[in-house]
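So the chains spell out like this:
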Amino acid sequence: MVTLECEDDNPHDNFAVAVRLHDHRIGYLMRRDTEAYRRKLDRKGLGTRATVCDAIIIGGSFDKPSLGVWLDIDVS
């Protein structure tokens, strides 16, 4: 499980949605998906509330510090 958190105060993109694993930010939703994701939150009356979803995490070893993350969400 990962947490998706809207970052309205992100200095690079005020529509950014962070992907967090435990207390660590491991990435962001792709920019093209953030608008649809936020619209979906609004339709459900959730505003910018943090949500959780299932995820598959690949990588992240000492030899390969970058991660791949597949999220089980429908942003449409």
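Keep in mind the model is a prediction, meaning the values are calculated, not measured.

K.L.:
Is there a simple way to explain the sheet that holds strand β3 (residues 24-28) in this structure?
P.N.:
Strand pairing in a sheet takes place through backbone hydrogen bonds and is either antiparallel or parallel in direction. If you walk across this open sheet you meet the 4 strands as β3-β2-β1-β4, and the pairing is antiparallel. Each edge of the sheet is formed by a strand with only one pairing partner; in this case those strands are β3 and β4 (51-53). Across the sheet, the axes of successive neighbouring strands diverge by a mean angle of 35°, strand direction being ignored. Alignment of strand β2 (residues 16-21) against β3, held across 4 bridges, turns out to be antiparallel.

K.L.:
Any chance you could explain the pattern of salt bridges here in plain terms?
P.N.:
Here the idea is simple: oppositely charged side chains can pair when their charged atoms come close. Counted by the stated rule, this structure contains 6 salt bridges. Between Asp 8 and Arg 38 there is a salt bridge whose closest N-O contact spans 2.8 Å. Of this pair, Asp 8 sits in the loop between β1 (2-7) and β2 while Arg 38 sits in helix α1 (residues 31-43); the two residues are 30 residues apart in sequence, bridging distant segments of the chain. The salt bridge partner of Arg 32 is Asp 33, with a shortest N-O separation of 4.0 Å.

The rules we used
Residues numbered from 1 in each chain as written. Predicted model: local features only at pLDDT ≥ 70, side-chain atom pairs only at ≥ 80, totals over all residues. Heavy atoms only, no water. Pairing = 2+ DSSP bridges. Helix = DSSP H or I, 4+ residues; strand = E, 2+ residues; numbered from the N terminus. Axes fitted to C-alpha atoms, helices over the stretch in contact; angles between N-to-C directions. Salt bridge = Lys/Arg side-chain N within 4 Å of Asp/Glu carboxyl O.

Keep in mind these numbers describe shape, not what the thing actually does.
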